[in-house]
Amino acid sequence: MTEPSHKPIRDAALRTPTDLGANATTDIAAALTGVLADMFALYLKTKNFHWHMSGPHFRDYHLMLDEQGEQIFATTDALAERVRKVGGTTLRSIGHIGRIQRLLDNDADYVTPQDMLAELADDNRSLTGFLRAAHGVCETHNDVASTSLIEVWIDEAERRSWFLYETIRSAR
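Enquirer: Mind showing me how you'd approach the packing of helix α1 (residues 22-51) against helix α4 (residues 113-140) here?
Expert: Working note: a packed helix pair is described by the angle between its axes plus the distance between those axes. Two numbers describe how α1 lies on α4: the axes approach to 10 Å, and their chain directions differ by 165 degrees. When the axis of α1 is compared with that of α4, the two are roughly antiparallel. In the crossing of α1 with α4, the sense of the turn from one axis to the other is left-handed. Here Asp-27, Ile-28, Ala-31, Leu-32, Val-35, Asp-38, Met-39, Leu-42, Lys-45, Thr-46 and Phe-49 of α1 lie close against α4, whose contacting residues are Met-116, Glu-119, Leu-120, Asp-123, Asn-124, Leu-127, Phe-130, Leu-131, Ala-134, Val-137 and Cys-138. Across the contact of α1 with α4, the residue classes tally to 15 nonpolar, two polar and five charged.

Right, here's the structure in full:
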């Protein structure tokens, strides 16, 4: 029996043709992959706090964080696919996320509900800044499709920040 003559799949090129150019592909893929890592970090932290919420406002906070987690997770596939559409490659593992995420994890055994919400509000504001920076990179390379998507995600992050801020404002 002879070995198959085709190349292994792992050797296949992953360069999607694009008119944006090599520099644009590199810059945009890096910017969007960084945002993607932060989205996954924020998603997991939001779910962590959702799962570990306690106290008299449990139901309201639990449901709000579940809604926010779903919204954050919904961005991840679109982000990764956008990187591939412009000719780049993106995240491959949880370890990869950990190496490039800018938002900090929270592994504490106990976090008060108010501290959870305040931390998520801060993280969403930071994410908004990361999104604005990625928007600038995409705008520089005339990647209007990415800038359009990012504008929606900025609005969503600002809304999450607003809701979290208003939820804890009277308690501070």
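Enquirer: So what exactly am I meant to see when it comes to the packing of aromatic side chains here?
Expert: For any pair of aromatic rings, the description rests on two quantities: the centre-to-centre distance and the angle between the ring planes. Per the counting criterion, the structure on display carries two aromatic pairs. Note on Tyr-43 and Phe-73: the rings are 5.0 Å apart at their centroids and 40 degrees apart in plane angle, and the pair reads as tilted. Residue Tyr-43 is located in helix α1, and its partner Phe-73 is located in helix α2 (residues 58-85); the two are separated by 30 residues in the primary sequence. Classification of Phe-73 by relative accessible area gives partly exposed; the value is 43%. Between Trp-162 and Phe-163, the ring centres sit 5.2 Å apart and the planes meet at 85 degrees, which makes this aromatic pair edge-to-face. On the basis of relative accessibility, which here comes to 31%, the residue Phe-163 falls in the partly exposed class. Here Arg-102 stacks its cationic end above the ring of Phe-130, 4.0 Å away from the centre of that ring.

Enquirer: Would you mind going over the nonpolar core with me for this structure?
Expert: Judged by nonpolar contacts, the single largest core of 41 residues is most densely connected at Leu-32, Val-35, Met-39, Leu-117, Leu-131 and Ile-150. Elements with a contribution of two residues or more to this core: α1, α2, α4 and α5 (144-169). Considering each element in turn, this core owes the most residues, 12 residues, to α1.

Enquirer: Whenever I open this one, α1 confuses me. Can you help?
Expert: Every α-helical turn comprises 3.6 residues, leaving residues that sit three or four positions apart pointing alike. The end-to-end C-alpha distance of α1 is 43 Å, a good match for the 44 Å that 30 residues give at a rise of 1.5 Å each. Burial runs high along α1: 21 of the 30 residues are buried.

Enquirer: Would you mind showing me how to read unusual backbone geometry here?
Expert: Among all residues save glycine, negative phi is the norm, and among peptide bonds the norm is trans. In the Ramachandran plot, Asn-142 falls in the positive-phi region, its phi being about 60 degrees despite a non-glycine side chain. Its place among the elements puts Asn-142 in the loop between α4 and α5. With a relative accessible area of 59%, Asn-142 lands in the exposed category.

Enquirer: What is the right way to read the pattern of salt bridges from this model?
Expert: As a working rule, side chains carrying opposite charge can pair if their charged atoms are close by. A complete count under the given rule lists eight salt bridges for this structure. Among the salt bridges present, the one from Asp-123 reaches Lys-45, with a minimum N-O distance of 2.6 Å. One end of the pair, Asp-123, is in helix α4; the other, Lys-45, is in helix α1, and 78 residues separate them in sequence. Residues Asp-123 and Lys-45 agree in their burial class; the two are buried. For Asp-66, the salt bridge identified is with Lys-47, shortest N-O distance 2.7 Å. One end of the pair, Asp-66, is in helix α2; the other, Lys-47, is in helix α1, with 19 residues separating them in the sequence. Lys-47 sits in the buried class, given a relative accessible area of 11%. Here the residues in one salt-bridge network are Lys-45, Glu-119 and Asp-123, joined through shared partners.

Enquirer: What is the right way to read α2 from this model?
Expert: For α2, spanning 28 residues, the distance from its first C-alpha to its last is 41 Å, which sits close to the expected 40 Å at 1.5 Å a residue. Every buried residue of α2 is accounted for by Tyr-61, Met-64, Leu-65, Gln-68, Gly-69, Ile-72, Thr-75, Thr-76, Leu-79, Ala-80, Arg-82 and Val-83. The inward-facing, buried residues of α2 abut α1, α4 and α5.

Parameters at a glance
- Residues numbered from 1 in each chain as written.
- Predicted model: local features only at pLDDT ≥ 70, side-chain atom pairs only at ≥ 80, totals over all residues.
- Heavy atoms only, no water.
- Axes fitted to C-alpha atoms, helices over the stretch in contact; angles between N-to-C directions.
- Helix = DSSP H or I, 4+ residues; strand = E, 2+ residues; numbered from the N terminus.
- Parallel < 35°, antiparallel > 145°, perpendicular 65-115°, else oblique.
- Left-handed = near helix turned anticlockwise from the far one by under 90°.
- Contact = heavy atoms within 4.5 Å.
- Nonpolar A, V, L, I, M, F, W, Y, C, P; charged D, E, K, R; others polar.
- Phe/Tyr/Trp six-rings, centres within 6.5 Å; stacked < 30°, edge-to-face > 60°.
- Buried < 20%, exposed > 50% of the residue type's maximum accessible area, 1.4 Å probe, protein only.
- Lys NZ or Arg CZ within 6 Å of the ring centre and 35° of its normal.
- Core = buried A, V, L, I, M, F, W, Y, C linked by side-chain atoms within 4.5 Å.
- Expected span 1.5 Å × (residues − 1).
- Salt bridge = Lys/Arg side-chain N within 4 Å of Asp/Glu carboxyl O.

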